[in-house]
Amino acid sequence: MVEYQGLDDRQLIERTAWGDKGALEELYDRHSTAIFSLARYMLRHEAVAEEATQEVFINIWLRASSYRPERGEPRAWLMSVAHHKVIDIIRAQKRTAAASDPEDYETLAAMPSKDRGTEEEAHLNMERARVRQALAKLPEAQREVIALAYFRGLSQSEIAARLNQPLGTVKTRVRLAMQKLRAELEEDVTEPI
Amino acid sequence: MLPSRFDYGGHPEDLLEGYAIDALDPEEENQVETHLESCAECRDRVNEWQSAAYLLALAVEPQEAPARLKARTLAALPTRQPVARPDYRRFVPRLPAWGLRKWALPVAAAVLLALLGSSMFLNMRISSQVDQMVSQNSTVTAQLGQAIAQNERLATANSGLQNRLVESEGMGSGMMNDIRKIRTLSFLTAHPDTQPLVMRPAGRNDEQQGVILVGDGGQQALLMVTNMVESAGTNPYQVWLVKDGIRELAGQLKVDATGWGTLNLTPEQPVFKYDSVNLTMAEGNASNNPERLVLTSNIPAGGLVR
């Protein structure tokens, strides 16, 4: 009898690639909240977010063998699969007006995190606060392009058209924003608060 | 249409961050993915960006998924495609069905009746001939008995010689297999392009180890394992190559009493075309019992980056 709770995410993904449903179930228990939250936030619709979450885990089930441990931590891969699927859904919906309100991401950067009980949740709360702080430190123009791209699913060329800016300017803003976020978050990792 | 500057050996540097956050147009995305297939440097950079990008997802306020969604999701998982096996059915000839219902059955019945009548007549003639043959047969049987007795004496002597021959052939065949493996190992170890793939234990037994030496652009590979549980005679370990969730049996591996085993792999495609390699063993001693994943390794696309 396999004790899935004792296995790390990498081992669970490997077992999932091998067709072990128990391993996928454990991955679901660990990551469904983060994936559903992202889907719910980006899609703005409970039922569509549920559908998206289900499709994300089916993708994980089918694509687990393509995960490469040397290319990054498992959680980054799982969230990358989730984000990609949600973006696909948004683009398939042709970006309804409700899903492209540029005001919401501003509140995301400024919103205080709600406190939660367990030790693991406390750690997640800290991480969330850290990412929000890093977002808040970005210049407004850079924060805007990151939010439109990552949370609203617009491509760089669509952002350029929407903001009436040259495509090169948008690409530069995305690049600078990502560099700053990475530097900020890596710095925080090496120097804990 | 994008300027395809990286068709000439450059890197799509201004697209990698956008790719990491899924912010490219489909055409750009396809171009980047094509480039990534052959560029380890850009793959590394994308991985770094993706590692940073996923943290953005953590900024979202957590909201638990409805409890019903878990059961629904697990029930919706598609069945994995089984190991591809040859379709033997296509070798079975199909019986012609044309017109059978309309006229073939009555005609067959008439023919059968005619045959039955003629066979009764023939049977009476054959019976008398058989009586004559029986008496001749008793004479021949007596002569045959003597010949059989003599033959048995010769067979006993021959059997001893054959047993010795089989034993020596078995020893020779085992030695030839060992020599082939040693020759492959020597070649792969000495060749500068040989790449090692380390197989990690899939469970908690960290002592079990394996390594695959891959040479000749992935066409040739030798698996070596150590510290394994000895495989029972009829229940060896199985080696699987997995591509897009479909597994292909690459060979069966026997582990000796010292926990050591080797296997030459000759897959249908170069090893680096596959996603992962796995070593399994059936739980218990029956071959139809569930498999247990023992060792596993992801296979980097295009081989290891040096």
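Placed above this text is the structure.
How each quantity is defined
Residues numbered from 1 in each chain as written. Chains lettered and ligands numbered in written order. Predicted model: local features only at pLDDT ≥ 70, side-chain atom pairs only at ≥ 80, totals over all residues. Heavy atoms only, no water. Helix = DSSP H or I, 4+ residues; strand = E, 2+ residues; numbered from the N terminus. Buried < 20%, exposed > 50% of the residue type's maximum accessible area, 1.4 Å probe, protein only. Axes fitted to C-alpha atoms, helices over the stretch in contact; angles between N-to-C directions. Parallel < 35°, antiparallel > 145°, perpendicular 65-115°, else oblique. Contact = heavy atoms within 4.5 Å. Nonpolar A, V, L, I, M, F, W, Y, C, P; charged D, E, K, R; others polar. Phe/Tyr/Trp six-rings, centres within 6.5 Å; stacked < 30°, edge-to-face > 60°. Lys NZ or Arg CZ within 6 Å of the ring centre and 35° of its normal. Pairing = 2+ DSSP bridges. Salt bridge = Lys/Arg side-chain N within 4 Å of Asp/Glu carboxyl O. Polar contact = N/O pair within 3.5 Å; in protein donor to acceptor, adjacent residues only side chain to side chain. Left-handed = near helix turned anticlockwise from the far one by under 90°. Core = buried A, V, L, I, M, F, W, Y, C linked by side-chain atoms within 4.5 Å.

Novice: Just to check I follow, could you spell out unusual backbone geometry for this structure?
Specialist: Residues other than glycine predominantly adopt negative phi, and peptide bonds predominantly adopt the trans conformation. Phi at Arg44 of chain A takes a positive value of approximately 65°, unusual for a residue other than glycine. With respect to the element layout, Arg44 of chain A can be found in the loop between helix H2 (21–43) and helix H3 (46–63). Residue class for Arg44 of chain A comes out partly exposed when judged on its relative accessible area of 25%. One non-glycine residue with positive phi stands out, namely Asp22 of chain B, at about 55°. Within the element layout of this structure, Asp22 of chain B appears in the loop between helix H1 (16–20) and helix H2 (26–38).

Novice: Before we go on, may I ask you to explain the packing of H2 of chain B against helix H3 (residues 40–57) of chain B in this structure?
Specialist: Packed helix pairs are characterised by how far apart their axes lie and by the angle those axes make with each other. All names here are of chain B. As a packed pair, H2 and H3 sit with axes 6 Å apart at the nearest point and diverge in direction by 120°. By the angle between their axes, H2 is oblique relative to H3. On the side of H2, the interface is formed by His35, Leu36, Glu37 and Ser38, while H3 contributes Ala40, Cys42, Arg43 and Val46. Broken down by class, the residue content of the contact of H2 with H3 amounts to 4 nonpolar, 2 polar and 2 charged.

Novice: Would you take a moment to explain the packing of aromatic side chains for this structure?
Specialist: Two aromatic rings, taken as a pair, are described by how far apart their centres are and by the angle between their planes. Taken as a whole and judged by the stated rule, the model has 5 aromatic pairs over all chains. Measuring from ring centre to ring centre gives 5.4 Å for Tyr67 of chain A and Trp77 of chain A, while their planes differ by 55°; the resulting arrangement is tilted. Highlighted residues: Tyr67 of chain A in the loop between H3 and helix H4 (74–92) and Trp77 of chain A in helix H4, separated in sequence by 10 residues. Under the relative-accessibility criterion, Trp77 of chain A is labelled buried at 14%. An aromatic cluster of at least three residues, connected via ring pairs, comprises Tyr41, Tyr150 and Phe151 of chain A. Positioned above the aromatic ring of Tyr41 of chain A, the side-chain terminus of Arg44 of chain A is 5.7 Å from the ring centre. A cation over an aromatic ring shows up here: Arg247 of chain B above the ring of Trp18 of chain A, its NZ or CZ 4.6 Å from the ring centre.

Novice: So what exactly am I meant to see when it comes to the pairing of strand S3 (residues 220–226) of chain B here?
Specialist: Residues and elements named next belong to chain B. Most of S3 is tucked away: 5 of the 7 residues are buried. The pairing of strand S2 (residues 209–215) with S3 spans 7 bridges and is classified as antiparallel. Of the residues in S3, the one forming a bridge with Gly215 is Gln220. Here S2 folds back onto S3, and the loop between the two strands holds 4 residues, one of which, Asp216, carries a positive phi near 55°. The pairing of S3 with strand S6 (residues 261–265) spans 5 bridges and is classified as antiparallel. Pairing of Met224 across the sheet is with Thr262, part of S6.

Novice: I keep staring at the pattern of salt bridges and nothing clicks. Help me out?
Specialist: One side chain can pair with another of opposite charge once the charged atoms of both are near each other. Applying the stated criterion across every chain yields a total of 20 salt bridges over all chains. Salt-bridge contacts for Asp9 of chain A lead to Arg30 of chain A; the nearest nitrogen and oxygen are separated by 2.8 Å. Linking Asp9 of chain A in helix H1 (residues 9–17) with Arg30 of chain A in helix H2, this pair joins segments that are 21 residues apart in sequence. Lys70 of chain B serves as the salt-bridge partner of Asp29 of chain A, at 2.8 Å between the closest nitrogen and oxygen. Linking Asp29 of chain A in helix H2 with Lys70 of chain B in helix H4 (residues 68–75), this pair reaches from one chain into another. Assessed through its relative accessible area of 43%, Asp29 of chain A is described here as partly exposed.

Novice: Explanation requested: the interface of chain B and chain A in the structure shown.
Specialist: Interface size is commonly expressed as the accessible area that is lost once the parts come together. The partner chain A presents 72 residues to the 64 residues of chain B that form the contact. For the interface between chain B and chain A, the tally reads 12 salt bridges. A salt bridge links Lys171 of chain A to Asp14 of chain B, with the nearest nitrogen and oxygen atoms 3.5 Å apart. Where chain B packs against chain A, one counts 29 residue pairs in polar contact (both at pLDDT 80 or more). At the level of elements, H1, H2, H3, H4, strand S4 (237–243), strand S7 (276–282) and strand S8 (291–298) of chain B are the ones that each hand at least two residues to the side of chain B that touches chain A.

Novice: What is the right way to read the packing of helix H7 (residues 140–151) of chain A against helix H8 (residues 156–163) of chain A from this model?
Specialist: Residue and element names in this part refer to chain A. Two elements in contact, H7 and H8, have axes whose closest approach is 10 Å; the angle formed by their N-to-C orientations is 125°. Relative to H8, H7 is oriented oblique. As for how H7 packs across H8, the hand of that crossing is right-handed. Residue-level contacts link Glu144, Val145, Leu148 and Ala149 of H7 to Ile159, Arg162 and Leu163 of H8. When its residues are assigned to classes, the contact of H7 with H8 shows 5 nonpolar, no polar and 2 charged.

Novice: How should I be thinking about the nonpolar core in this particular structure?
Specialist: Soluble globular proteins: nonpolar side chains tend toward being buried together. Residues Leu38, Met42, Ile60, Leu135 and Phe151 of chain A together with Ile21 of chain B are the most contacted members of the largest nonpolar core, which totals 80 residues. Here this core takes 11 residues from H2 of chain A, the largest share from any one element. Counting 24 residues, the second-largest nonpolar core is a separate cluster that includes Leu223, Val239, Val277 and Val294 of chain B.

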